[in-house]
Amino acid sequence: MQRVFSGIQPSGIPTLGNYLGAIRNWVKLQDSHECIFCVVDLHAITVWQEPAALRQQSLEMTAILLACGIDPNKHILFLQSAVRAHAQLAWIFNCVARLGWLNRMTQFKDKAGKDREAASSGLFVYPNLMAADIHAYHATRVPVGDDQRQHLELANDIAQKFNHDYGVDFFPNIEPLIMGPAARVMSLRDGTKKMSKSDPSDQSRINLNDDAETIALKIRRAKTDPLPVPSDVSELAERPEARNLVGIYAALTETDPASVLQAHGGTGFGSFKAALTELLVDQLSPIAAETRRLLEDEASLLQILRSGSERAAAIADPIVAEAERLVGFVGG
Ligand code: AQP
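**Student:** So what exactly am I meant to see when it comes to empty space enclosed by the protein here?
**Tutor:** Using the criterion set out here, one finds one cavity of 30 Å³ or more in the structure. In this structure, the largest cavity occupies an estimated 50 Å³ of space. Forming the boundary of the largest cavity are Met105, Gln107, Phe108, Lys111, Leu123, Phe124, Tyr126, Pro127 and His151. For the lining of the largest cavity, the secondary-structure elements that each account for two or more residues are helix H6 (106–112) and helix H7 (121–135). Residue contributions to the lining of the largest cavity peak at four residues, all from H7. A breakdown of the residues in the lining of the largest cavity according to their chemical character gives six nonpolar, two polar and one charged.

**Student:** For this particular structure, what's the right way to read the site of the ligand?
**Tutor:** As a structural note, the neighbourhood of the ligand is formed by 21 residues, with Ser11, Lys111, Ser196, Lys197 and Ser198 the closest of them. Measuring from a nitrogen atom of the ligand, one finds a backbone N or O atom of Gly17 at 3.2 Å. For the ligand, whose unbound accessible area comes to 640 Å², protein coverage reaches 97%. Elements with a minimum of two residues in the shell around the ligand: strand S1 (3–8) and helix H1 (16–29). Considering each element in turn, the shell around the ligand owes the most residues, four residues, to H1.

**Student:** Any chance you could explain the nonpolar core here in plain terms?
**Tutor:** Buried together is how nonpolar side chains tend to be arranged in soluble globular proteins. Counting 56 residues, the largest nonpolar core has Leu16, Tyr19, Leu65 and Leu284 as the members making the most contacts within it. Per element, the largest residue contribution to this core is nine residues, and it comes from helix H12 (residues 269–295). Setting aside chain neighbours within four positions, we find Leu284 in contact with Leu16, Tyr19, Ile206, Leu208 and Ile215. Ranked by size, the runner-up nonpolar core spans 47 residues in total, among them Leu89, Ala112, Ala312 and Ile319.

**Student:** What is the right way to look at the packing of helix H9 (residues 212–221) against H12 in this model?
**Tutor:** Each pair of packed helices can be described by the angle between their axes along with the distance between the axes. Running from amino to carboxyl end, H9 crosses H12 at an angle of 150°, the nearest separation of the two axes being 9 Å. By the angle class used here, H9 and H12 are roughly antiparallel. By crossing handedness, the relation of H9 to H12 is classed as right-handed. The segment H9 lies against H12, with Ala212, Ile215, Ala216, Ile219, Arg220 and Arg221 engaging Lys273, Leu276, Thr277, Leu280, Val281 and Leu284. Tallied by class, the residues present in the contact of H9 with H12 amount to eight nonpolar, one polar and three charged.

**Student:** Looking at this structure, how should I read the packing of aromatic side chains?
**Tutor:** We describe a pair of aromatic rings using the distance from one ring centre to the other and the angle between the two ring planes. For the structure shown, the criterion picks out ten aromatic pairs. Seen in terms of ring centroids, Phe5 and Tyr137 are 5.6 Å apart; in terms of plane orientation they differ by 20°. Their pairing is stacked. Taken together, the residues Phe5 in strand S1 and Tyr137 in the loop between H7 and strand S4 (141–143) connect sequence positions 132 residues apart. Here the aromatic residues Phe93, Phe162, Tyr166, Phe170 and Phe171 are joined through ring pairs into a cluster of three or more.

**Student:** Explanation requested: the pairing of S1 in the structure shown.
**Tutor:** A regular strand carries its side chains on alternate faces of the sheet. For S1, a buried count of five out of six residues is recorded, marking the element as mostly surrounded by other parts of the structure. The pairing of S1 with strand S2 (residues 34–39) spans six bridges and is parallel. Bridging from a neighbouring strand, Phe5 pairs with Ile36 of S2. Regarding the hand of the β-α-β motif, the stretch spanning S1, H1 and S2 is right-handed.

Definitions and cut-offs
- Residues numbered from 1 in each chain as written.
- Predicted model: local features only at pLDDT ≥ 70, side-chain atom pairs only at ≥ 80, totals over all residues.
- Heavy atoms only, no water.
- 1 Å grid on protein atoms, 1.4 Å probe; cavity = no way out; pocket = protein on both sides within 12 Å on 5 of 7 lines; lining within 4 Å.
- Points joined across faces, edges and corners; volume = space filled by probe spheres on them.
- Helix = DSSP H or I, 4+ residues; strand = E, 2+ residues; numbered from the N terminus.
- Nonpolar A, V, L, I, M, F, W, Y, C, P; charged D, E, K, R; others polar.
- Near = heavy atom within 4 Å.
- Polar contact = N/O pair within 3.5 Å; in protein donor to acceptor, adjacent residues only side chain to side chain.
- Areas by Shrake-Rupley, 256 points an atom, 1.4 Å probe, with all protein chains shown as cover.
- Core = buried A, V, L, I, M, F, W, Y, C linked by side-chain atoms within 4.5 Å.
- Buried < 20%, exposed > 50% of the residue type's maximum accessible area, 1.4 Å probe, protein only.
- Contact = heavy atoms within 4.5 Å.
- Axes fitted to C-alpha atoms, helices over the stretch in contact; angles between N-to-C directions.
- Parallel < 35°, antiparallel > 145°, perpendicular 65-115°, else oblique.
- Left-handed = near helix turned anticlockwise from the far one by under 90°.
- Phe/Tyr/Trp six-rings, centres within 6.5 Å; stacked < 30°, edge-to-face > 60°.
- Pairing = 2+ DSSP bridges.
- Right-handed = clockwise from strand over helix to strand, strands pointing away.

Below, the structure written as structure tokens:
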């Protein structure tokens, strides 16, 4: 079985974008792969997080992943900061990756915005930590949204340079698993911007713990244009908000936009939004209800995370110890 590693930041409540672009695929991968799922709190603090909120969001993220169907017994679910190997290998990778490579990362440019000088140095070396997350487990498959593809290429460049510099064949090549029709879900307020859990506008996203009423309101208010739902996919090209809603509908029904337009082309967005709301409520309400139930028992959540980090460390520690030996560290 191929080993999969994937992570999600506890930087807010996961969104419909995280669900359709990542979590739903993770659940499916459990049938065919050995999976290591990580709540990446080290990544989250590359931008400011209130400590109490970070703690709560880490627990909520864990509960939501379990509610979505992640199986912590057959696979591994844990918090990144609880396994030291991630930070240890990331430091070695900080010394392998070249500044020029990091300068080309578009996500840093997007997240740092105009005031690049004020961004944390952690945000700049974020891709090195992501490479360490994967290579610490010798994972070879990583399910990601297409926005993360560039980081995976960098993880492979780092592995190749490490192998070359130390004259070994130690870190394997990683392949991205880009799955499903909605690889990228966009903001409900701006169809050209990714839906993000840290977007300041709550109206821009569907959170996985939103109740039915909130979902209905957000979809009703979602930006569209005055035209009806088109009948042909080509007509979506210049209509980002319409394209996004049709894409979400297609992803939820596991079809493609053409089939959605076949059923809904020519109708007004009012009735299309009502149908979309019904789908969302049907699929997300059970997740929100199960999340609430799991959060009532914090001790059990902590126990699941502890067991996960022990099993993760049992895989990662020997791999990172070997990387350190290859570098020339004497060890303690
Ligand atoms: N809008 C999206 N559409 C499809 N996939 C998405 N992902 C995130 N947003 C979308 C995928 O979710 C996984 C986990 O993401 P992450 O939490 O590690 O970081 P992110 O990509 O930066 O997600 P957010 O929601 O935008 O977080 P913030 O706001 O904190 O930056 C990844 O596989 C990602 O591709």
